[in-house]
Amino acid sequence: MGKSNNKLRVLELIAQEGEIARIDIAAATGLSAATVTSLTAELMKSRVLENVVEDQISGAPRGRPRELLRLNPAAFIVAGTKIAVDHITVALMDFNGGLLSESRYENYAFHEKPEELARHLKTAISDAAVQAGLTIDDVSAIGVGIPGFIDGTKRVVHWSPAFTQTPVDLGAVLDRSFNCPVLIDNDANLAAIAERRFGFGNGVSDFLVVTIEHGVGLGIVLNNKLFRGARGVGPEFGHTKAVMNGALCRCGQRGCLEAYVADYALSREADAVVGLQRENGMSDKDHLDALYRAADNGNASAKSIFERAGRVLGTGLANLCNLFDPSLIIFSGDRMEMSDQYSSVVLEELRQNALRSDRALPLIKYHKWGDLLWAKGAAALAADHLIHTSAKT
C-alpha cells in the first residue's frame, strides 16, 4: 500500500476519533509504530496535525501525560450548507470539526435557477464568515447538501425538487462563483456523515439514518463507510414503491413511500379532510402543525392520515432491516416531533414485518438537530476532501 494511502488511513482515523495516540493509530490501522511516527511527523510539519496533551484523569496516578494527535483546527476553514424549501442553513467549521458560526439565510426558495442558487449560496456563506470574523476568501472548501438524485462524483443533479428543470451540472455552475473546491451530495447522505462524525453514529460500524421532512431520505453506513451505490445516486428510500399505482409523488411517479409519509403528502391529505383545509396565508409548517394538533385532540380523520403514513413507513423500515440488518436506526430531520400515536404505529408495523430471529430489532434513536445537522455533514464532506488532498502531499 502506498504512502499516500497510509496517510489517508491515518488522517481518516484521527478525524473519526477526534484525538488519538500514535500507539492506538498503529493498533487500529495495522501499520508499524515507526511508520505511524514517520507519517504523522510529516503531517505535523505541514500543519495538518497537531499535538495535544491528554487531560490528567482525576484520581489517577501522576505520571507523564500521553501525547495525542488531532486534526489542526487552524489548518483549514470549511463551510457546509443545507438547501431547504425556503432557506439555506450554513455551518462554518474549523478543520477539526469545531463550529465557528451558523446562520440561516431566508432570501431563498426552491425553483430558483442554478445561477441564482449560486448567488444566494455565496451571500449566505459570506454572512456566516463575517459572523466568525472571517471572509469567504478564508474558506478552503465548501459542501452543499441538496435533496434529490445527486451524483456527488460528477456533481450533477439528476432530479431535485429545488429545480424546475433537470439535470443540472451544478458543480460547473458553483465553480464559476467560488474560488475553492465545492462538493455536492444528497442531503440525507450528509445527515449520515454528520451522525457518524458528531452524533449517535459515532463508533457504530453499521447504521441507517432516516430523514423525514419535506421528503423522505436515507443515509446508509456499512462497515464504517457511507454507501452511495454504483452510480453515486442511491439510496432513495423515499422513492421505493409502497402502493402499486398509488398516490402521485413529486418525482412524477406513483406509489412512492414519501407520497404517503413526507410533509407535502400529509398536508395534501389534510386538504381533503373537512375542517383541516389550509387557510389563506397559512404556511406549510403551520398547516402540518394544525394536522398534528387535530390528531392529538382526537380528530378521527387526522388520526387516520397518520395511521396510514405510520403503516407505510413502518413497513418500509422493516424492509430496510431485512435488507441491511443494521444495529442502529436514527430518525433525523425537522419533523421529529411525531405524535405518540404515529410513533407507535410505525414501531408496531416494523415489529410485525421484520424477519424474526434470535436478535432484537435494531436500536432506534430520535435526533432532532434541525438543519444544523445537515449543514455540519456538508462541512464534514468538505473537510474529507481536504483530508484526501492532504494525504497526497
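This is a predicted model, so every value here is computed, not measured.

1. Quick look at the nonpolar core
Next up, step 1: In terms of nonpolar packing, the biggest core is built from 33 residues, with Ile83, Ile88, Leu117, Ile142, Ile146, Leu170 and Leu174 touching the most fellow members.
Next up, step 2: At the level of elements, strand E3 (77-83), strand E4 (88-94), helix H4 (114-131), strand E6 (141-146), helix H5 (170-175) and strand E9 (182-186) are the ones that each hand at least two residues to this core.
Next up, step 3: Looking at this core, the element that brings in the most residues is H4, giving seven residues.
Next up, step 4: Ignoring sequence-local partners within four residues, the contact set of Leu117 consists of Ile83, Ile88, Tyr108, Glu112, Ile146, Phe163 and Leu170.

2. So, the packing of helix H8 (residues 263-271) against helix H9 (residues 284-296)
Next up, step 1: Put simply, H8 and H9 touch, their axes get as near as 10 Å, and they point 70 degrees apart. Taken together, the axis directions place H8 and H9 in an arrangement best described as roughly perpendicular. Two packed elements cross with a definite hand, and for H8 against H9 that hand is left-handed. The segment H8 lies against H9, with Asp263, Leu266, Ser267, Ala270 and Asp271 engaging His287, Leu288 and Leu291.
Next up, step 2: Broken down by class, the residue content of the contact of H8 with H9 amounts to four nonpolar, two polar and two charged.

3. Section: the sheet that holds E4
Next up, step 1: The five strands are arranged E5-E4-E3-E6-E9 in an open sheet whose pairing can be described as mixed. On the outer flanks of this sheet lie strand E5 (99-105) and E9, each paired with one strand and no other. Across the sheet, the axes of successive neighbouring strands diverge by a mean angle of 15 degrees, strand direction being ignored.
Next up, step 2: Of the strand pairs in this sheet, E3 and E4 are connected by seven bridges, and their pairing is antiparallel. For Ile83, the partnering residue across the bridge sits in E4 and is Ile88.
Next up, step 3: Strands in contact with H4 are E3, E4, E5 and E6; relative to E5, the strand with the most contacts, it is inclined by about 135 degrees.

The rules behind the values
- Starting afresh in each chain, residues are numbered from 1 along the sequence in its written order.
- Only residues with pLDDT of at least 70 are given local features in this predicted model, and only at 80 or more are side-chain atom pairs given and counted; all residues enter the totals for whole chains, interfaces and linings.
- Values reported for side chains reflect all heavy atoms of the structure, with hydrogen atoms and water molecules removed beforehand.
- Among the buried residues, those of types Ala, Val, Leu, Ile, Met, Phe, Trp, Tyr and Cys that are joined through side-chain atoms within 4.5 Å form a nonpolar core.
- Note on exposure labels: buried denotes an accessible area under 20% of the residue type's maximum, exposed denotes more than 50%, and partly exposed covers the range between, all computed with a 1.4 Å probe on protein chains only.
- To qualify as a helix, a DSSP run of H or I must reach at least 4 residues; to qualify as a strand, a run of E must reach at least 2; elements of each kind are numbered from the N terminus.
- Two residues form a contact once any of their heavy atoms are found within 4.5 Å.
- Every axis corresponds to a line fitted to the C-alpha atoms, with the helix fit spanning only the stretch in contact, and the corresponding angles, defined between N-to-C directions, vary from 0 to 180 degrees.
- Roughly parallel refers to an angle under 35 degrees, roughly antiparallel to one over 145, roughly perpendicular to one between 65 and 115, and oblique to any angle outside these ranges.
- Should the near helix be turned counterclockwise from the far one by less than a right angle, the crossing is left-handed, whereas a clockwise turn marks it as right-handed.
- For this scheme, ten residues count as nonpolar: Ala, Val, Leu, Ile, Met, Phe, Trp, Tyr, Cys and Pro. Four count as charged, namely Asp, Glu, Lys and Arg, and the remainder, Gly too, count as polar.
- Following DSSP output, two strands are said to pair if at least two bridges run between them.

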